[in-house]
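# Remarks on the overall topology
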Amino acid sequence: RMSGVGVVGRYVSRSWSSRGGAGHHGSPRHHPPPPQRPSSPWKIPAFFRRKFEIAQRGGGRVASTAPGESEGGVAVTEEAFKDPPLTLKDPLKDPMRESTSTDPIKDFEATPSPYDEPEVCAQNDDCDSIHRRLIKSSPIRQIRDVTFREPRYLDLFDPSVSVVRDPKLDQPQPASKSRARSIFSRFLSAIASTKVIIGCSIILVVLVVVIVTLASTSHGPFFSPDPRIQHPHVTTVTTCGLVQGIVQDGAYVFRGLPYAVPPVGKLRFRPAQLQTSLNDCWTGTYVANVTQPCWSYDSQGAVVEGSEDCLLIDVFTPQLGYDTPLPVIVYIGGASLGSDTLRPWLLSKAASVVRSKGVVILAPQVRRGLLGFFPHPKLAASTYPHTAGNQGVSDLLTALNWVQHNVEHFGGDPEQVTLLGHQAGAAMAWPLVSSPQGHRLIQSAWLTGAVPLHPEIPWREADPELVESLNCSTIMCLESIPARTAMDAPPLEWRRPHGHPWLLADGVIVPFFPSMPQVPLMIGSTEQAAANNLLSWQERLGTSHQQLVDAVVDGLRLNELNYGQPVWSGSPQYSGINWPSSLGNQDTWSKEPGHNKGRWPQPPRNNERGSELNSFVTGSSEAETALEWYSDLKDDSWLLLTTLVSDATVTCPTLSTATRLSRTLSRAHPTGTEDVPVYAYVSRHARVSRAGAVADGLSDIESILGVFQPRDEKDVQYARTIQDLFFFFVNYGSPDWHSATPAHLGVYTINGVTNVERSRLQCEHWANASQFFRRF
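These numbers were taken from a predicted model, which means no experiment stands behind them. (Residues numbered from 1 in each chain as written. Predicted model: local features only at pLDDT ≥ 70, side-chain atom pairs only at ≥ 80, totals over all residues. Heavy atoms only, no water.)

## Some thoughts on the overall build of the protein chain
When you go through the protein chain residue by residue, the secondary structure sums to 24 helices and 21 strands. When the accessible surface of the protein chain is totalled, it reaches about 38,900 Å², and 55% of it is carbon and sulfur. (Helix = DSSP H or I, 4+ residues; strand = E, 2+ residues; numbered from the N terminus. Areas by Shrake-Rupley, 256 points an atom, 1.4 Å probe, with all protein chains shown as cover.)

Encoded structure:
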């Protein structure tokens, strides 16, 4: 006997009971077999197969209670336990009772129900064992419920079955699991979306590109450190081997790198030579932390001790990579060709400049004085072509060759090199701007503080006083004499700045005749460039007019024999000679008509040119005339003197040269599209220094190299203005974004701002003066 109410899904209904296992006709009632499903190749475990079959029949897990009892809020009526009359339904209307047999009654009675409990169980104490055997022998295994009796499933299609609603189902269900499941399902759906997959792929590619870019450019601790940098040391490579520098002010500094074979022994007084063999190089790593200075002279002509093995170069760079090479600046300076005592100070802030401006600065040392400019005939006879002198200029040319081969290892661009020459450095750089050897090694040039005029004296006509001062008649003597003895040999007037010309025309490094510049050129000067050379007159001027005239005459002697366009090249007696325009071979020159004995026609001696100037510099009437040109400065004698002498010796010759070059280029290109533009500037900013409140000859180069010391906001503005002008020229070969402004169309005047003026009135006076006409 069985009693209870079966709970299926959301409903409670009466389950079928056997009551002795017989129905109305004295035979047990049996449910029709469930519809057969097509066999599946997949083998489902018995537990899940049972679940699926119950669900297909419309039933589920059930629990039974006694009549009239209520558990879990289930109210059961007596009618639920009564057996309904046997009625057979149409299989078409009841798919759960559908049978393939033609006699549904036989099928129903022949199919044993696994849920029928025989009456023997009520009379036998071992009911559980019998029940287990029945379950084991049943074709459909039941799953026991540890709380309730065995499950029943019922026919929901039978309208006679009463169904009672379970009150628990009306209670609100927690939404946390449902919400979490819905969010998770939406997330899975979004991931499966094609658009999301494409978007995620693009984001992944972008992240990979960003990470690779940062890894290749970053020096931070997030990425692998550069093995070349072991703070405070840094190592890179040159054509001669590894070199080690230091980290300074956020940049990499290499001091004293050899760029040529040491000029000692048999190489003394010879042109510099690049390192071309392993014997010229070093083994291991070269420590480049100190620069040995060359022998030189001070401002009074005294010998400054140095080293003959001084062909060294200092390199300042903000990077060592090869991906984005930076513009390169090669700086060469010096107060004279015998002195360069300001070099360490002018380069003291170079590391900060390269870091802030994104450039690479290289500063080579060259031989000075007698060791750098000695035109001895014995030296010329032992070489071919036969020439001598200008050893210091050959050092600069060799340094430019070294830059082409090595600057890429220091983060520089060998195809963007600007030559920065100041004072004596500008005098040495000027011949290289136009020579076939030099202009191929640079792309632009900025020359300041000196008159960029070609040397007027050929090496064969060098002053005998200089040649005979060393008192050596053999090559062995020249190669073995001590360096100090050689530097002490020249007279004192040669050793002082602006005393006598060291630079000569040798025909190989410095051509005999000038030619047009082959690279964009900026030449300039400061308005009182000669102030530092006139300091001896600063305290003596006072209010005496005669002392002012004497100071003017003395100041005009400064450059009367140093540099200038050759006087004899334009003389009528040589106007018919066909001067060669190329460097060529001297044997070819000797075959020119009129070249007797295979030599150049001899120019007038220097004393002849000096006699042309004596009428001006020894008298006071011409000086009085010049003072009238500067009458607006008569209230300040020191400013008048420095401006007048600077115009006559530096500023006006510089602007005149720029004008002549620009007009020549314009005639060669009538459309005005010059291939090689020439620019000129004059710095007018007066600053307070030991030379007074004047625009002295160091203010522009100090601003460019970052050592200018401002005293007020005007100084700061001036330094920023000239730096912007210079570094724009370095990057683009032009001082501004505007169209090229040749010097004959205007000159840049730099003060707090940059302006362009048509001409300088005082220079027109000097150009029209017959005594100085040839100088321009």
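## Quick notes on the packing of aromatic side chains
Enumeration according to the criterion identifies 13 aromatic pairs in this entry. Plain terms: the ring middles of Phe269 and Phe374 are 5.2 Å apart, the flat faces sit at 50° to each other, and that makes the pair tilted. Of this pair, Phe269 sits in the loop between strand 7 (251–258) and strand 8 (285–287) while Phe374 sits in the loop between helix 9 (369–372) and helix 10 (377–381); the two residues are 105 residues apart in sequence, bridging distant segments of the chain. Grouping residues by exposure puts Phe269 and Phe374 together as buried. Between Trp494 and Trp502 the ring centres are 5.5 Å apart and the planes differ by 70°, which places this aromatic pair in the edge-to-face class. Residue Trp494 shares its accessibility class with Trp502, and that shared class is buried. (Phe/Tyr/Trp six-rings, centres within 6.5 Å; stacked < 30°, edge-to-face > 60°. Buried < 20%, exposed > 50% of the residue type's maximum accessible area, 1.4 Å probe, protein only.)

## Quick notes on helix 20 (residues 621–628)
Of the residues making up helix 20, those classed as buried are Ala623, Ala626 and Leu627. In an axial view of helix 20, the angular spread of the buried residues amounts to 100°, which keeps them on one side of the axis. (Arc of directions from axis to C-beta.)

## Side note on the pairing of strand 7
Consecutive residues of a regular strand have side chains that alternate between opposite faces of the sheet. Of all eight residues that make up strand 7, seven are buried, and the element is covered over most of its length. The pairing of strand 6 (residues 241–248) with strand 7 spans three bridges and is classified as antiparallel. Each bridged residue has a counterpart across the sheet, and for Ile246 the counterpart in strand 7 is Val253. Where strand 6 hands over to strand 7, the hairpin turn is made up of two residues, of which Asp249 adopts a positive phi near 55°. In terms of strand pairing, strand 7 meets strand 11 (residues 312–317) through five bridges, oriented antiparallel. The residue bridging Pro258 from the neighbouring strand is Leu312, located in strand 11. (Pairing = 2+ DSSP bridges.)

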